Each structure stands twice: as C-alpha cells, then as structure tokens.
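Examination of the molecular architecture
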Amino acid sequence: MNRPALDERRLRVLDALRGRLVVSCQARDGEPLHGPLHMRAMALSALAGGASGLRLEGPDDVAAVRAVTTVPVIGLWKIGSEGAYITPTMESVRAVASAGADVVAVDGTGRARPDGSTLADVVREMHQIGVLVMADVASVDQGVAAQEAGADLVGSTLSGYVGDDAPPVGPDLPLVGALASALSVPVVAEGRISTPEHAREALALGATTVVVGGAITRPAAITERFVAALDARPATTDTSEVAR
Ligand SMILES: CC(=O)N[C@H](C=O)[C@@H](O)[C@H](O)[C@H](O)COP(=O)(O)O
C-alpha cells in the first residue's frame with residue numbers, strides 16, 4: 001500500500017474541505033451544458049465564487065477540470081441509472097482516478113456491482129495508488145458498512161434515491177447528523193442542499209464538508225423553480241393591475 005501518498009493526500013484533501021463548500025458540476029448527456037468545456041467553465045465559476053472543492057462526473061470532465069485547478073476533486077462516473085450506477089465497475093473507478101480525481105465516489109449502498117467487485121476491492125486498489133474513496137450511501141447502516149470496508153469519506157448522497165418513491169424536496173439532514181454520530185470517518189452532506197442555511201445546518205450537525213449541486217449548477221432546474229412560483233401565483237383582483 002502506498003501509505004505516504006495516501007496519507008499526504010488525505011491530509012491535503014481534508015484540510016482543504018473541512019467546514020467548506022464543494023460544488024458538484026454535472027450535466028447529463030442531452031442537457032445543454034453537457035461536455036467538458038461547459039463543465040470546466042462551470043467549475044471555474046464555482047471556484048471564482050469561493051468553492052473549496054469540486055465534484056465532477058465522467059473522466060472527460062475530471063481531466064478537463066484537473067488541468068486548470070489543484071483544489072480537491074471528487075470524481076465519479078454514472079453508468080446507467082438502475083441499481084449501483086455511481087462508478088459501478090473497477091474499470092470506471094480506474095478511469096476516474098487516472099483522469100486526476102483525488103477522491104473517487106462510488107455507490108456505497110451495498111447493491112451488487114455489475115462486475116462483481118465490492119467496495120472493499122475499490123478501497124484496496126485505490127489506496128495502493130494513493131487515491132481516497134467516498135461511499136455514497138442512503139442510511140446509517142450502509143455508512144457503517146462502508147466505513148468497515150475502508151471508505152475514507154461517507155456521503156448522504158443517495159438518500160431518497162434508492163427506492164421507487166420520488167425523492168423528497170429537502171435534504172436528509174437527520175441522516176447527516178446520524179452518520180456523523182455513528183462514524184469516525186468524515187461525513188459529507190450531499191443531496192438536495194438548496195440553501196446556505198441547509199449547508200450551515202449540515203456542518204452544525206457534524207458534517208465535515210458540504211456538497212451542493214443543482215442549487216448552484218443546474219440553471220434549467222433553477223429556472224423551473226421560478227417559473228413554477230409564478231405559475232402558482234394567486235390571480236390578481238387588483239383592477240389597476242389589469243388596466244396597466
Ligand atoms: C443521486 C445522484 O445521483 N446524485 C448525483 C451524485 O453525484 C448528482 O446527480 C447530484 O447532483 C449530486 O449528488 C449533488 O446533489 P444535488 O444536486 O441535489 O445538490
């Protein structure tokens with residue numbers, strides 16, 4: 001195991017992220033902002049605003065952003081949308097690490113990975129090359145299992161996304177607090193954190209760092225919220241309004 005490289009990276013990443021904001025810059029295939037050029041611009045915008053770290057999807061986006069910044073990068077690769085889809089194979093884990101991620105995020109729910117690999121396999125191989133592993137979980141039990149498998153960070157990322165129900169509107173802050181109480185590894189608050197108050201509360205509950213995605217980097221979703229609010233406005237009874 002490449003202990004010195006791993007320990008050095010762990011110190012550097014955690015020092016940079018403790019109590020601070022990570023911005024997740026992701027756009028799916030088919031979205032107008034999809035592609036490394038757009039995501040690099042998005043990432044640079046987040047850094048200009050003071051982000052301390054970035055979460056990026058796909059080796060191409062990770063490499064494009066790694067070329068322009070030294071801040072900690074959490075990389076993942078979404079493959080499919082069913083079961084374990086966050087960096088679900090050893091091949092995808094290696095690709096994200098080779099692209100320059102400091103931390104590779106993988107599904108940590110215990111669902112079967114399509115190539116039969118386990119979270120412990122991911123940890124073993126990534127630690128050999130000095131790369132950290134973040135387990136994206138949906139429950140405290142999964143977080144405990146991920147810590148036992150050797151994960152360096154555990155995120156609340158998948159809460160609300162493992163069953164058939166639509167995810168709730170707000171973040172799962174109770175899970176963030178429960179993970180922070182149960183685990184000794186750093187907890188990452190992630191998922192539907194939509195306001196600065198949510199982010200502050202997550203830290204107060206014991207999260208080491210906070211990842212915000214859509215509330216900052218998904219203009220279509222942000223626009224939708226405004227449009228829905230206008231559509232939902234009560235009909236005016238003020239006749240002066242009509243006259244203008
Ligand atoms: C569930 C899942 O696949 N989450 C993904 C994980 O990388 C991303 O789609 C999210 O945008 C990210 O977790 C940040 O969350 P939010 O965009 O809600 O702030």
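A quick note: this is a predicted structure, and the numbers were derived from the prediction, not measured. (Residues numbered from 1 in each chain as written. Predicted model: local features only at pLDDT ≥ 70, side-chain atom pairs only at ≥ 80, totals over all residues.)

**Side note on helix α7 (residues 173-182)**
- Considered for burial, the residues of α7 that qualify are L173, L175, V176, G177, L179 and A180.
- For α7, the secondary structure elements touched by its buried residues are α6 (140-148), β6 (153-155), β7 (187-190) and α8 (196-204). (Buried ≥ 20, exposed ≤ 12 C-beta atoms within 10 Å, placed from the backbone. Helix = DSSP H or I, 4+ residues; strand = E, 2+ residues; numbered from the N terminus. Contact = placed C-beta atoms within 7 Å.)

**Comments concerning the nonpolar core**
- Counting 66 residues, the largest nonpolar core has L54, V104 and V133 as its most contacted members.
- A per-element tally of this core places α7 first, with five residues.
- Dropping the residues within four chain positions of it, V133 is found in contact with V103, V104, V106, V122, V123, M126, A151 and D152. (Core = buried A, V, L, I, M, F, W, Y, C linked by C-beta atoms within 7 Å.)

**A look at the sheet that holds β7**
- Pairing is parallel around the closed barrel formed by eight strands, whose spatial order is β1-β2-β3-β4-β5-β6-β7-β8. If you compare each strand with its neighbour and ignore which way they point, the axes differ by 25 degrees on average.
- Pairing of strand β5 (residues 132-136) with β6, which is carried by three bridges, proceeds in the parallel orientation. Directly across from D136, in β6, lies its bridge partner G155.
- Against the sheet, helix α3 (residues 59-66) contacts β2 (53-57) and β3 (73-76), and its axis sits at roughly 145 degrees relative to β2. (Pairing = 2+ DSSP bridges. Axes fitted to C-alpha atoms, helices over the stretch in contact; angles between N-to-C directions.)

**With respect to the confidence of the model for the protein**
- Averaged over every residue, the pLDDT of the protein is 95; the share at 70 or more is 96%.
- Both scores are given for the predicted complex: the pTM is 0.95, the ipTM 0.99. (pLDDT = per-residue confidence, 0-100.)

**A short note on α6**
- If you check which residues of α6 are buried, you get Q142, G143, A146 and Q147. Seen from one end, α6 has its buried residues packed into an arc of 135 degrees, which puts them on one side. Counted as exposed and oriented over 90 degrees from the buried face of α6: D141 and E148.
- Where α6 is buried, its residues contact α5 (119-128), β5, β6 and α7.
- Downstream of α6 by a residue or two, G150 has a phi angle that is positive, lying close to 105 degrees. (Arc of directions from axis to C-beta.)

**Points about the site of the ligand**
- Neighbouring the ligand are 15 residues, the closest being S24, Y161, R192, G213 and G214.
- For the shell around the ligand, the per-class residue count stands at seven nonpolar, six polar and two charged. (Near = placed C-beta within 6 Å. Nonpolar A, V, L, I, M, F, W, Y, C, P; charged D, E, K, R; others polar.)

**Observations concerning the pairing of β5**
- The element β5 is largely enclosed, with a buried count of five among its five residues.
- Here β5 shows a buried face lined by L132, M134 and D136 and a second buried face lined by V133 and A135.
- As paired elements, strand β4 (residues 103-107) and β5 share five bridges and run parallel to each other. Counterpart to D107 in the pairing with β5 is D136.
- In this region the chain leaves β4, passes through α5 and returns to the parallel neighbour β5; the handedness of that crossover is right-handed.
- Remark: the β5/α6/β6 crossover connection has right-handed handedness. (Right-handed = clockwise from strand over helix to strand, strands pointing away.)

**Some thoughts on unusual backbone geometry**
- Even without glycine at this site, T87 takes up a positive phi of about 45 degrees.
- Of note, T87 is situated in the loop between β3 and α4 (90-98).
- If you check the backbone angles, R192 has positive phi at about 60 degrees while not being a glycine.
- Positionally, R192 belongs in the loop between β7 and α8.
- On the basis of neighbour count, R192 is assigned to the buried category, with 20 C-beta atoms found within 10 Å.

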